[in-house]
Structure formats: structure tokens, C-alpha cells
Amino acid sequence: MFSGLFSFFELKSPYYAFVEIILLWLTIFLTILKFREISKMASYLLFPYILWVSFAALLNYYLWVLNS
């Protein structure tokens, strides 16, 4: 899979970058769920990360829609 920077800047494709960021978001969410079984504190420490990725996904989505 392409890295997010490559798909967004080199391929100039916000669509591929959006698909990739959604996969990243799902991976983080599943990690939070698994970490919760082991340590609640570990899962809580991932909340800022998923919030940041959510914000980046929102920005990427609007950039994709507005430039279509």
C-alpha cells in the first residue's frame, strides 16, 4: 500500500489518500479495542491519535469534494 504522503502529493489523488486514511482510522480503532482488554490507560492514550486522524480525514475529504 502507498504511504499517505505519496498517494496525496505524488499521485495528486485525494481519493486514494482518503481511502488510506480510513484504513488507518479503522486500524487505530481496532487497536484501541484490543488495548482496552489489556490496559485501559493504554487505550485512553490512543484517543488523541484517533482524534487527529479524524481531523485529517475530514480535511482530506473536503479537499477531495471541493476539488472534484
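All values derive from a computational prediction rather than experimental measurement.

This paragraph deals with the nonpolar core. By size, the foremost hydrophobic cluster in this structure holds 8 residues: Phe18, Ile21, Ile28, Ile32, Leu46, Ile50, Val53 and Ala57. Secondary structure elements with two or more residues in this core: α2 (14-38) and α4 (47-66). It is α2 that provides the largest number of residues to this core, a total of 4 residues. If near-sequence neighbours (up to four positions away) are discounted, Phe18 is found in contact with Ala57, Asn60, Tyr61 and Trp64.

Averaged over all residues, the pLDDT of the protein chain is 86; the fraction at 70 or higher stands at 82%. When mean pLDDT is taken per element in the protein chain, helix α3 (residues 40-44) scores highest with 96 and helix α1 (residues 4-10) scores lowest with 59.

Before going further, it helps to spend a moment on the packing of α2 against α4. Helix packing geometry: the angle between the two helix axes and the distance between the axes. Two numbers describe how α2 lies on α4: the axes approach to 9 Å, and their chain directions differ by 160 degrees. Classified by the angle between their axes, α2 and α4 sit roughly antiparallel to one another. Pair α2 / α4 crosses with left-handed handedness. For the pair formed by α2 and α4, the contact residues are Pro14, Tyr15, Ala17, Phe18, Ile21, Leu24, Trp25, Ile28, Phe29 and Ile32 on the first element and Phe47, Tyr49, Ile50, Val53, Ser54, Ala56, Ala57, Asn60, Tyr61, Leu63 and Trp64 on the second. The class makeup of the residues in the contact of α2 with α4 is 19 nonpolar, 2 polar and no charged.

All right, on to the packing of aromatic side chains then. Scanning all chains against the criterion turns up 9 aromatic pairs. Between Tyr15 and Tyr16, the ring centres sit 5.5 Å apart and the planes meet at 55 degrees, which makes this aromatic pair tilted. A residue is classified by how much of its surface remains accessible, and Tyr16, at 48% relative accessible area, is partly exposed. Taking the centre distance of 5.8 Å and the plane angle of 40 degrees together, the rings of Trp52 and Phe55 count as tilted. Of this pair, Trp52 and Phe55 both sit in helix α4, 3 residues apart, which is roughly one turn of that helix.

Take the environment of Leu33 next. On the secondary structure map, Leu33 appears in helix α2. Each C-alpha atom, one on Leu33 and one on Ser43, is 7.2 Å from the other, the two residues being 10 residues apart in sequence.

Thresholds, definitions, all that
Residues numbered from 1 in each chain as written. Predicted model: local features only at pLDDT ≥ 70, side-chain atom pairs only at ≥ 80, totals over all residues. Heavy atoms only, no water. Core = buried A, V, L, I, M, F, W, Y, C linked by side-chain atoms within 4.5 Å. Buried < 20%, exposed > 50% of the residue type's maximum accessible area, 1.4 Å probe, protein only. Helix = DSSP H or I, 4+ residues; strand = E, 2+ residues; numbered from the N terminus. Contact = heavy atoms within 4.5 Å. pLDDT = per-residue confidence, 0-100. Axes fitted to C-alpha atoms, helices over the stretch in contact; angles between N-to-C directions. Parallel < 35°, antiparallel > 145°, perpendicular 65-115°, else oblique. Left-handed = near helix turned anticlockwise from the far one by under 90°. Nonpolar A, V, L, I, M, F, W, Y, C, P; charged D, E, K, R; others polar. Phe/Tyr/Trp six-rings, centres within 6.5 Å; stacked < 30°, edge-to-face > 60°.

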